[in-house]
Amino acid sequence: MIGLFDSGSGGLSVLSALRARAPHVDISYFGDIAHAPYGTRSAQELIDLTVAGVTTLKEMGATEIVSACNSVAASVLAGAAGTTPVIEMTRPTSRGMKARIGTRVLLIATPATIDSKIYEEALRGVVELESLAVPELAGAIEFGADDATLSTIVHEALKKKRDQRYDSLLLGCTHYPLVLPIIRGEAQRFFSGIACINPAEFVADEVVRLFDCAGTGSLCFRISVDSAPFRNRVHELFPEGRYTIECV
Ligand code: DGL
């Protein structure tokens with residue numbers, strides 16, 4: 001069984017890319033909403049939360065893990081997942097971005113991801129990367145802010161780069177694809193013709209390539225605090241209701 005974990009809803013973007021490729025894969029999903037957002041936490045806190053998240057997924061029966069959270073990618077690559085096989089966000093993205101070699105890319109992500117320089121390292125020699133932290137966006141998405149608030153956050157962030165030209169916008173937080181139309185709309189205002197890239201697609205490709213995706217299609221969610229926005233998103237993704245959600 002494959003375990004996915006994130007601070008909350010963001011990993012659903014990875015889950016949905018994975019399910020599109022492997023409809024029968026058995027999944028345990030842990031959303032650590034009690035500690036969300038992760039992206040403004042310290043490196044040590046993120047290591048501790050990664051260890052706890054992996055332990056939870058193993059308790060749920062996971063034998064292979066997808067860290068569906070960019071903010072903990074540095075912790076995972078530093079070994080916080082222990083000996084359990086784990087796929088994180090940045091290495092598959094680096095491989096996927098080889099199709100765009102030499103292009104100009106703007107990375108938007110949480111402060112933790114940007115400060116860790118994990119994408120700079122992964123994409124060095126692949127693309128010309130500029131980075132922009134958007135501190136409030138993941139939390140606003142997680143806790144169900146309205147579209148106008150989300151547009152303003154994205155607008156104010158991208159405005160800082162308005163004099164630049166980019167070929168693509170790399171969504172370096174798994175929460176961002178959940179509001180793709182808003183991000184795409186604001187990006188087009190400043191950078192006409194820019195492509196939005198969702199790393200979940202690269203990660204899902206890698207999971208199908210490396211992990212055991214045979215199964216019965218079971219889907220169990222565990223969340224560390226109850227959340228209506230989380231439940232609503234899961235219901236939108238899986239309207240047929242073949243899943244369980246438990247709060248611990
Ligand atoms: N979705 C996660 C990420 O990719 C965490 C965002 C957050 O909780 O700040 O970074």
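Thresholds applied
Residue positions within a chain follow its written sequence, with the count starting from 1. At least 70 in pLDDT is required for a residue's local features to be given in this predicted model, at least 80 for side-chain atom pairs to be given and counted, and no such filter applies to totals for whole chains, interfaces and linings, which use all residues. Excluded from the side-chain calculation are hydrogens and water; included are all heavy atoms of the structure. Salt bridge, as applied in this entry: a Lys or Arg side-chain nitrogen positioned within 4 Å of an Asp or Glu carboxyl oxygen. Helical segments are the DSSP runs of H or I of at least four residues, strand segments are the runs of E of at least two, and each set is numbered from the N terminus. Accessible area is worked out with a 1.4 Å probe on protein chains only. A residue is then buried under 20% of its type maximum, exposed over 50%, and partly exposed in between. In what follows, residue pairs with any heavy atoms lying within 4.5 Å of each other are defined as contacts. Note on terminology: near, applied to a residue and a molecule or strand, indicates that one of the residue's heavy atoms is within 4 Å of it. N or O atoms within 3.5 Å of each other form a polar contact, as long as, within protein, one can give a hydrogen and the other can take it, and as long as residues adjacent in sequence are counted only when both atoms are side-chain atoms. Exposure was quantified through the Shrake-Rupley algorithm and a 1.4 Å probe, taking into account, for residues, occlusion by the shown protein chains and nothing else. All amino acids are sorted into three groups, where Ala, Val, Leu, Ile, Met, Phe, Trp, Tyr, Cys and Pro are nonpolar, Asp, Glu, Lys and Arg are charged, and the leftover types, Gly among them, are polar.

Enquirer: Account for the pattern of salt bridges, naming residues and giving values.
Expert: Following the criterion strictly, the structure yields 15 salt bridges and no others. Its salt-bridge partner being Glu 59, residue Arg 222 comes within 3.3 Å of it at the nearest N-O pair. Highlighted residues: Arg 222 in strand β9 (residues 219-223) and Glu 59 in helix α2 (residues 43-59), separated in sequence by 163 residues. For Arg 222, a relative accessible area of 14% puts it in the buried group.

Enquirer: So what's going on with the side chain of Ser 94? Which residues, and what values?
Expert: Here Ser 94 is to be found in helix α4 (residues 90-96). Under the relative-accessibility criterion, Ser 94 is labelled buried at 9%. In contact with Ser 94, other than residues within four places in its own chain, are Ala 122, Leu 123 and Val 126.

Enquirer: How would you explain the site of the ligand if you had to name every residue and give the values?
Expert: The ligand sits among 13 residues. The nearest are Ser 7, Tyr 38, Gly 39, Ser 71 and His 175. A distance of 2.7 Å separates an oxygen atom of the ligand from a polar atom in the side chain of Ser 71. When isolated, the ligand has an accessible area of 300 Å², and the protein chains bury 99% of it. The residue inventory of the shell around the ligand, partitioned by class, reads 5 nonpolar, 7 polar and 1 charged.

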